[in-house]
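Analysis of the macromolecular model
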2 protein chains.
Amino acid sequence: MAAPADRHPSASHYDIVIVGAGPVGLMLSTCLARWGYKIKHIDNRAEPTPTGRADGIQPRSLDLLRNMGLKPAFMAHKPARVYEVAFWDPTKAGKGIVRTGTWPSCPSFIDARYPFTTLLHQGHIERVFIADLEKNGVRVQRPWTIRGFTSNEKEDPEYPVTVSLEHVDGTAKENVKAKYLFGGEGARSFIREQLGIGIKHKDPIAYVWGVMDGVVKTDFPDIKMKCNIHSEHGSIMVIPRENNMVRLYIQIASSTDPDFNPRKTATAEEVQASAKRILQPYSIEWERVEWYSVYPIGQGISDKYTLDHRVFLGGDACHTHSPKAGQGMNTAFLDALNLAWKIHAVEAGFAQRSLLETYEPERKDVAETLLAFDNKYAKLFSQRPPSGNEVAAATADTNTENEFVKTFKESCEFTSGYGVAYKPNPLNWSPSHPAQSHVILPPNQKTKLVPGRLFINADVTRVVDANVVHLEQEIPLNGSFRIFIFAGRPSLTSRALSDLAAHMSRPKSFYSTYTRQDLTSVSHHERHNPHSLFFTLCVIFAARRPDVEIARDVPPPLAAYRDHVYADDRWDRRVPDAKACAHAKMGLDEDRGGVVVVRPDGYVGIVVALEEGSGTVDALNAYFGAFCSKPLGGTQAML
Amino acid sequence: MAAPADRHPSASHYDIVIVGAGPVGLMLSTCLARWGYKIKHIDNRAEPTPTGRADGIQPRSLDLLRNMGLKPAFMAHKPARVYEVAFWDPTKAGKGIVRTGTWPSCPSFIDARYPFTTLLHQGHIERVFIADLEKNGVRVQRPWTIRGFTSNEKEDPEYPVTVSLEHVDGTAKENVKAKYLFGGEGARSFIREQLGIGIKHKDPIAYVWGVMDGVVKTDFPDIKMKCNIHSEHGSIMVIPRENNMVRLYIQIASSTDPDFNPRKTATAEEVQASAKRILQPYSIEWERVEWYSVYPIGQGISDKYTLDHRVFLGGDACHTHSPKAGQGMNTAFLDALNLAWKIHAVEAGFAQRSLLETYEPERKDVAETLLAFDNKYAKLFSQRPPSGNEVAAATADTNTENEFVKTFKESCEFTSGYGVAYKPNPLNWSPSHPAQSHVILPPNQKTKLVPGRLFINADVTRVVDANVVHLEQEIPLNGSFRIFIFAGRPSLTSRALSDLAAHMSRPKSFYSTYTRQDLTSVSHHERHNPHSLFFTLCVIFAARRPDVEIARDVPPPLAAYRDHVYADDRWDRRVPDAKACAHAKMGLDEDRGGVVVVRPDGYVGIVVALEEGSGTVDALNAYFGAFCSKPLGGTQAML
């Protein structure tokens, strides 16, 4: 969607140089390649990860991968799915272990499409992205490394970054110019070190972990579940894997040990012997060990994610945590996604450059919150095992809350990926946002949508073909803002909808201001961006599908999005008495609807009432005016 | 699973020769290749279908394709999905057309996992099968044709069929010997003609159809729906397709026309002009025509599907019908599946050869019923358009029935694929079956499972890994009988379950009699066939998952199927008050359960109570004894 790659002054000029082809680098590269950017992507490994390493895909990350059209490629590997976590503890008699409880890894109070964690080794994951990149003409250059870089916007305001790249064996060198540089090189980031950015250790405790993937023969009944096992002989975590494999994590040393040594290690045989002791009275034998590794790790967050908003860091270069949290790859994906669409918004001419300043605070806050929860949660568990009542209260959709239940619920939201909550800023409306209007709907008991949090999942029926669809998946990850116009009952809102359309069509509206330059040559089959590359619109009526007639009910320009017109006529168990369940789940009035702006990454920006007159569009102009590149509408937008 | 391919006397000896690589031949070939048979598969076309032809996959066929693990490969082509059918008729004023109604193509009274028809062109479908075949070492030999064959069991009881094959240009010839020959060559079957089998025309009316696939620009609002359009200028059927394509069927001539000529034709331009007139007041223009064809067709059924149970016919070679029914490919799939597992059961030594005699009556009856319904349904529509009340009654899950509603419901069952009902025979228990016992549960108001009809869909939780799964999909299409042991409440049935296990383990039981010969070398990872290649077992408890403990609740040999132990603890909207919804959906007692035998193709064979003592296994011995190859259990089995 951006200008073609040949718009650059020379072959050695790029939009971005990406260093590292792990999850964070590949997600960033994949998004930007799809949106038309010219990318130099290098990795110092000759091949993608051959085995082992990160493997847990959160429920919410699977939504994201589906939104990118990549889910089938992941699922083709038949990954293991973790629906429940089992806890095993020493028996009271002191001999062997006994299951003390299980609970859902994504309990039903989280409205997840895929209430499970997907386990698949990092190599498969990387290869899915690499195949997609190649479709878009990007090939990761291997094994190459970065030797140095400078960034100077004054010297070259357009391509301020100069990067020196080299084949790892020194046989070839390349100097390139770029608009951006991204360091996704992992915990030992060269770029971070060169920038002089330090790491803050949130938890002073460090650990040495042993991790082993293999195929076993065992009578331990929960070998296909995720298990936290504590025994008199030590602790172990069990993670099921694809192809009958199982991963075991064993803590080999902790900085709380009297004789702690971060270089302490253990052989595979020692770890197996240890696992055998821990699992007693059950037996375990290895048929095959696929991967074994020992590594020291501590919780840490880098002080900055960028210094100049040209050279950025993300993923493990910014935050490290214990593998138990299972968050590394998922957090990396979201770092990349957050940065990708913001770079796109700026470079495509839609947003002010200052939009990039929201990357670090949004993502660093998430990492900090996550680590804080990780500690709190671990502490709560180490104190005592939860009671049966607590488990029941924690996993049900109720309001019974004690400290344990509250922490458990918050943790589940985090570990599922649905708990990310970006704080107020120009993108995430709050009472202190420049946009002020009585039509703006702040989150309250009724409006369940919260700016900075994910849009809520809902089923609807697409009008043109009567397909039952997932509304939140209807717009692909195309870099556009998603405007969901919940239109309530057509008989009550037809005037408000016409007014919305009319005011959107005015010259200085957010919508008209960003009309496609190639408008006259756009195919009539274009579903998502017929008028503007920055917005995809959806209209959802609180009506039965056969009762919606697009030609009659949807005014232009909204009617151009005919594949995005829906009937809110599907029953939902979460709102069993609602007539328009999608409206109800969002907390919007089933008669009067409302307009929801969702950021390109799926997080709610603002919720506005659908009113007759200009109020709705005025509020949207003011919202977008807070960060977009051109003046919009009335004076509010100029704040 | 059969003996290895090199068990044949020579390289030119095969288990089966399959002629024709359309849907019926490919389904047969794919099944038998997976089960280890040696196949010679030829087709007289140089390439798979390049475009056009059959394209509708029924809801039930999608279940089947999923059960074969092929669904993702189909869905990767992003097929169109038909959820509703729209009817358009002349306006009362006599100018143009107006929508007179729409209804679901698979209404909610049908308990379908995928309540839509999947549209994908036959070439994509064929290639998915071809890729799977190649994984199993079978390559379709093209362009080759059959020049003659003989079948003589007396001369060669093991390989009675001799087949002469030839390259279509005559440059190469091959004579092969085989146990079976299958003709899946389409309506003009050479094998059928050689056998002297005639075609009976059920409906004396013949038609000439024009069919056109293309990309259009139109303001007709239902272009992405399936539409039946009647106008003063003629009739047309609209079928949405993948890649923004649409298929139009236009009836060019009917034998009821005064000047009927089955060779009547029309050019693509004439059909387009006709479509433009019919669609008025809407406009339609073609951007591209992908495929256009005119063909005469009538309803017909061949008199026999086989003469000697060595040379078989299936698919279009046996039945032809109007394309409007959209049944050709789906019926072909089921012909092939029905034959495939029966050949396997006989050749692998499990069933008597007479089992093959059930192929023709089962499949011919389905074809006849289908054509009869097709006629009845078409007549009902041609009489008058249905009223709104009738549509509401027909699509709801109610008992309001008039002739229209009744016919509509039956037709929906047929067109969805869920309506196939095989009549009583040794496989499908009835009161006249040799197996007689008070523990056999005949279908009644309570027991919803009917021998000869499909097993009912239900969600359950797998115990070993807490995955929520579709019970009916848990056993892959492996050629084995599926024995679903609904075990009710463990506290009430533990004795009955132990007795079942004990009697199954006795030497002459159906289960012990067919123990795997390679039992000692079977991997402990084997999920489906740890003991027998002819049975896969599932045990479903009416309990919450955490309350099931396999080591305690499941006696051997059932415990060997640990990946097939389930908790019936998922809520189902169809039985909202049930505690054990899968039990309830089957109509089985939630406390006491029952045992359901499902044929390898997914149709119910017999339902038996789960009782203490030997009664349950006695009844199963008697059931399997009616068709299996060795004497079983007590005297009943010898009938």
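Residues numbered from 1 in each chain as written. Chains lettered and ligands numbered in written order. Predicted model: local features only at pLDDT ≥ 70, side-chain atom pairs only at ≥ 80, totals over all residues. Heavy atoms only, no water.

Here we look at the sheet that holds strand 13 (residues 226–231) of chain B
All names here are of chain B. For clarity, the threshold we go by: Whether two strands pair comes down to DSSP finding at least two bridges between them. Elements are defined by DSSP. Helices are runs of H or I of four residues or more, strands are runs of E of two residues or more, and each kind is numbered from the N terminus. Every axis in this analysis is a line fitted to C-alpha atoms, fitted for helices over the stretch in contact. Angles between the N-to-C directions lie between 0 and 180 degrees. We call two residues in contact when some of their heavy atoms are within 4.5 Å.
Read from one edge of the open sheet, 7 strands run 6-5-13-14-15-12-16, paired in mixed fashion. Looking at which strands have only one partner, the edges of the open sheet turn out to be strand 6 (97–104) and strand 16 (284–298). Averaged over all adjacent pairs, the angle separating strand axes in this sheet is 20°, with direction ignored. Sheet analysis places strand 13 next to strand 14 (residues 234–240), joined by 5 bridges and oriented antiparallel. Paired with cysteine 227 across the two strands is valine 238, which belongs to strand 14. Sitting on the sheet, helix 6 (residues 268–279) is in contact with strand 6, strand 12 (206–218), strand 13, strand 14, strand 15 (245–254) and strand 16, with an inclination near 105° to strand 16.

Some details on the packing of aromatic side chains
Any pair of aromatic rings gets described here by the distance separating the centres and the angle formed by the planes. Put simply, the rule reads: What counts as a ring pair is set by centres within 6.5 Å for rings of Phe, Tyr and Trp (its six-membered ring), and what kind of pair is set by the plane angle: stacked under 30 degrees, edge-to-face over 60, tilted for all other angles. When accessible area is computed with a 1.4 Å probe and restricted to protein chains, residues below 20% of their type maximum are described as buried, those above 50% as exposed, and intermediate ones as partly exposed.
Applying the stated criterion to the full structure yields 67 aromatic pairs over all chains. Seen from their ring centres, phenylalanine 455 of chain A and phenylalanine 486 of chain A are 6.4 Å apart, and the 45° between their planes marks the pair as tilted. With phenylalanine 455 of chain A in the loop between helix 10 (403–416) and strand 20 (459–462) and phenylalanine 486 of chain A in strand 22 (residues 481–488), this pair connects stretches of sequence that are 31 residues apart. Of the two residues, phenylalanine 455 of chain A and phenylalanine 486 of chain A, neither departs from the other in class, the shared state being buried. An angle of 75° between the planes, with centres 4.7 Å apart, marks the rings of phenylalanine 350 of chain B and tyrosine 514 of chain B as edge-to-face. One end of the pair, phenylalanine 350 of chain B, is in the loop between helix 7 (328–347) and helix 8 (359–383); the other, tyrosine 514 of chain B, is in the loop between helix 12 (510–513) and strand 23 (535–541), and 164 residues separate them in sequence. Pair check on accessibility: phenylalanine 350 of chain B and tyrosine 514 of chain B agree, each one buried. One aromatic cluster is present, built from ring pairs that chain together Trp341, Phe350, Phe481, Phe510, Tyr511, Tyr514, Phe534, Phe535, Tyr623, Phe624 and Phe627 of chain A.

Here we look at the sheet that holds strand 22 (residues 481–488) of chain B
Residue and element names in this part refer to chain B. Here we have 7 strands laid out as an open sheet, ordered 21-20-24-23-22-25-26, and mixed in their pairing. Taken across any chain shown, the strands that pair with only one partner, and hence form the sheet edges, are strand 21 (468–470) and strand 26 (604–608). The mean angle between the axes of side-by-side strands here comes to 30°, regardless of whether they run parallel or antiparallel. Along the sheet, helix 15 (residues 615–625) makes contact with strand 22, strand 23, strand 25 (594–598) and strand 26, crossing strand 26 at roughly 155°.

Remarks on the confidence of the model for chain A
Any region with low pLDDT has predicted coordinates that should not be read closely. Residue and element names in this part refer to chain A. We apply this condition: pLDDT gives the predictor's per-residue confidence on a scale running from 0 to 100.
Confidence in the prediction for chain A averages 91 pLDDT; 92% of positions are at 70 or higher. Low confidence marks residues 635–639, where pLDDT is under 50. Its contacts with residues over four positions away, or in another chain, come to 10 contacts. Model confidence for the complex: the whole-complex pTM is 0.93, and ipTM, which rates the interface, is 0.92.

Observations concerning the interface of chain A and chain B
Under the convention used in this document: Should a side-chain nitrogen of Lys or Arg be within 4 Å of a carboxyl oxygen of Asp or Glu, the pair is scored as a salt bridge. N or O atoms within 3.5 Å of each other form a polar contact, as long as, within protein, one can give a hydrogen and the other can take it, and as long as residues adjacent in sequence are counted only when both atoms are side-chain atoms. Each residue receives one of three labels: charged for Asp, Glu, Lys and Arg, nonpolar for Ala, Val, Leu, Ile, Met, Phe, Trp, Tyr, Cys and Pro, and polar for the others, Gly being one of them.
Counting from both sides, the interface comprises 28 residues of chain A and, opposite them, 28 residues of chain B. Put simply, chain A and chain B have 6 salt bridges between them. Where aspartate 563 of chain A meets lysine 224 of chain B, a salt bridge forms, and the shortest distance between an N and an O atom there is 2.8 Å. Across the contact surface, chain A and chain B share 16 residue pairs in polar contact (both at pLDDT 80 or more). Every element with two or more residues in the side of chain A that touches chain B is listed here: strand 6 (97–104) and strand 12 (206–218) of chain A. Here the side of chain A that touches chain B takes 3 residues from strand 12 of chain A, the largest share from any one element. For the side of chain A that touches chain B, a count of residues per class yields 10 nonpolar, 5 polar and 13 charged.

Some remarks on the environment of glutamine 327 of chain A
Inspection of the secondary structure assignment puts glutamine 327 of chain A in the loop between strand 19 (319–320) and helix 7 (328–347). Residues glutamine 327 of chain A and arginine 277 of chain A lie 50 residues apart in sequence; the distance between their C-alpha atoms is 29 Å.

Overview of the packing of helix 2 (residues 59–67) of chain B against helix 7 of chain B
Residue and element names in this part refer to chain B. To keep it simple, the criterion reads: Should an angle fall under 35 degrees it is called roughly parallel, over 145 degrees roughly antiparallel, and 65 to 115 degrees roughly perpendicular, with every other angle called oblique. Here a crossing is taken to be left-handed if its near helix is turned anticlockwise relative to the far helix by less than a right angle, and right-handed if that turn runs clockwise.
Packing of helix 2 against helix 7 leaves a shortest axis separation of 10 Å and a crossing angle of 45°. Put simply, helix 2 runs oblique to helix 7. As helix 2 packs across helix 7, the resulting crossing turns out to be left-handed. Contacts between helix 2 and helix 7 involve Ser61, Leu64 and Leu65 on the former and, on the latter, Asn330, Phe333, Leu334 and Leu337. A per-class count over the contact of helix 2 with helix 7 returns 5 nonpolar, 2 polar and no charged.

Quick notes on the environment of lysine 38 of chain A
All names here are of chain A. With respect to the secondary-structure elements, lysine 38 resides in the loop between helix 1 (23–34) and strand 2 (39–42). You can call lysine 38 buried: its relative accessible area is 16%. For the pair lysine 38 and aspartate 15, spaced 23 residues apart in sequence, the C-alpha separation works out to 5.2 Å.

Section: the pairing of strand 26 of chain B
All names here are of chain B. When you tally the buried positions in strand 26, you get 5 out of 5 residues, the bulk of the element. Judged from the 4 bridges that link them, strand 25 and strand 26 form a sheet pairing that is antiparallel. Bridged to valine 597 within strand 26 is isoleucine 606.

As for the relation of the copies chain A and chain B
Operational definition: Copy-to-copy superposition: least squares on the C-alpha atoms, limited to residues that have pLDDT of at least 70 in both copies.
Each copy of the sequence occupies a distinct position, and chain A is placed on chain B by a rotation of 180° and an axial shift of 0.0 Å, giving an RMSD of 0.0 Å. These values place the two chain copies in the arrangement generated by a two-fold rotation axis. Closest to the rotation axis within chain A is the C-alpha of proline 72 of chain A, separated from it by 3.6 Å. Most of the interface of chain A is mirrored in chain B, where 100% of its interface residues are also at the interface.

With respect to the pairing of strand 15 of chain B
Within a regular strand, side chains alternate between the sheet's two faces. Residues and elements named next belong to chain B. For strand 15, a buried count of 9 out of 10 residues is recorded, marking the element as mostly surrounded by other parts of the structure. Sheet topology places strand 12 next to strand 15; 9 bridges connect them, and they run antiparallel. Each bridged residue has a counterpart across the sheet, and for glycine 214 the counterpart in strand 15 is valine 246. Here strand 14 pairs with strand 15 via 5 bridges, running antiparallel. Each bridged residue has a counterpart across the sheet, and for proline 240 the counterpart in strand 15 is valine 246.

Side note on unusual backbone geometry
A cis amide bond links proline 556 of chain A to the next residue, proline 557 of chain A, at an omega of 5°. When you line up the elements, proline 557 of chain A lands in the loop between helix 13 (550–553) and strand 24 (565–567). Backbone torsion omega between glutamine 280 of chain B and proline 281 of chain B reads 10°, so that peptide bond is classified as cis. Locating proline 281 of chain B in the fold gives a position in the loop between helix 6 and strand 16. For asparagine 244 of chain A, which is not glycine, the phi torsion reads 60° and is therefore positive. One non-glycine residue, alanine 466 of chain B, adopts positive backbone phi at about 60°. Tracing the backbone shows alanine 466 of chain B in the loop between strand 20 (459–462) and strand 21.

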